[in-house]
Amino acid sequence: MPQWFFVSDLHLEHTNVIKYCKRPFLSFEEESNLQLAESGVVSLRDVKISQETTNRMTTQIIDSINAVVSPADYLVILGDFCWIGKNNKFGTNEGQQRA
């Protein structure tokens, strides 16, 4: 019998959510830079998160979901699925219009 699962706020491919929400995917260097920003030494805006870190977060989230949700189950995503920017994994933003 299929099970139902509900998730929200995945923010796949959303680089800035890693630093602003302190998601646990930062490299040692990124973590050090974030600590400098939190202590006021540098601006948080100047802390850059690598595409590698963003990919690590996205892959870990998808792998974690796939470890629990089977193909026969239902997964309901309630919002904030992904960040569609340049070079995203989920398609292209060419021709998209803002609401």
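See the structure printed just above.
To keep things clear, this report deals only with the structure shown in the data block. This is a predicted model, so every value here is computed, not measured. (Residues numbered from 1 in each chain as written. Predicted model: local features only at pLDDT ≥ 70, side-chain atom pairs only at ≥ 80, totals over all residues. Heavy atoms only, no water.)

### As for the packing of aromatic side chains
Scanning the model with the defined rule gives two aromatic pairs in all. Measuring from ring centre to ring centre gives 6.4 Å for Trp4 and Phe6, while their planes differ by 20°; the resulting arrangement is stacked. By the burial criterion, Trp4 is exposed, and Phe6 matches it. On the numbers, 4.4 Å between centres and 20° between planes, the contact of Trp4 with Tyr74 is stacked. Of this pair, Trp4 sits in strand S1 (residues 4-7) while Tyr74 sits in strand S2 (residues 74-77), and the two are 70 residues apart along the sequence. By relative accessible area, which is 53% here, Trp4 ends up exposed. Ring-pair connections join several aromatic residues into one group, and the members of that group are Trp4, Phe6 and Tyr74. (Phe/Tyr/Trp six-rings, centres within 6.5 Å; stacked < 30°, edge-to-face > 60°. Buried < 20%, exposed > 50% of the residue type's maximum accessible area, 1.4 Å probe, protein only. Helix = DSSP H or I, 4+ residues; strand = E, 2+ residues; numbered from the N terminus.)

### As for the pattern of salt bridges
A full pass over the atoms with the stated rule returns two salt bridges. Between Lys22 and Glu38 there is a salt bridge, with its nearest N and O atoms 3.1 Å apart. Taken together, the positions of Lys22 in the loop between helix H1 (15-20) and helix H2 (28-38) and Glu38 in helix H2 put the pair 16 residues apart, joining distant regions of the chain. For Lys22, a relative accessible area of 55% gives the class exposed. The partly exposed category is assigned to Glu38, whose relative accessible area is 47%. With a closest N to O distance of 4.0 Å, Arg56 and Glu52 form a salt bridge. Placement of both Arg56 and Glu52 in helix H3 (residues 51-68) is noted, with a separation of four residues, approximately one turn of the helix. The class of Glu52 is exposed, set by a relative accessible area of 58%. (Salt bridge = Lys/Arg side-chain N within 4 Å of Asp/Glu carboxyl O.)

### Comments concerning H2
Of all the residues in H2, the buried ones are Glu30, Leu34 and Ala37. Looking down the long axis of H2, one finds its buried residues gathered within 55° of arc, a one-sided arrangement. Opposite its buried face, H2 presents the exposed residues Phe28 and Glu29, each directed more than 90 degrees away. Each element contacted by the buried residues of H2 is listed here: H1 and H3. Taken from the residues just after H2, Gly40 is the one with a positive phi, measuring 85°. (Arc of directions from axis to C-beta. Contact = heavy atoms within 4.5 Å.)

### Brief notes about the nonpolar core
Counting residues in each nonpolar core, the largest one holds 15 residues, and the members touching the most others are Leu10, Ile18, Leu26, Ile49, Met57, Ile61 and Ile65. For this core, the secondary-structure elements that each account for two or more residues are H1, H2 and H3. Residue contributions to this core peak at three residues, all from H3. Residues contacting Met57, with those up to four places away along its chain left out, are His11, Glu13, His14, Val17, Ile18, Arg23 and Phe25. (Core = buried A, V, L, I, M, F, W, Y, C linked by side-chain atoms within 4.5 Å.)

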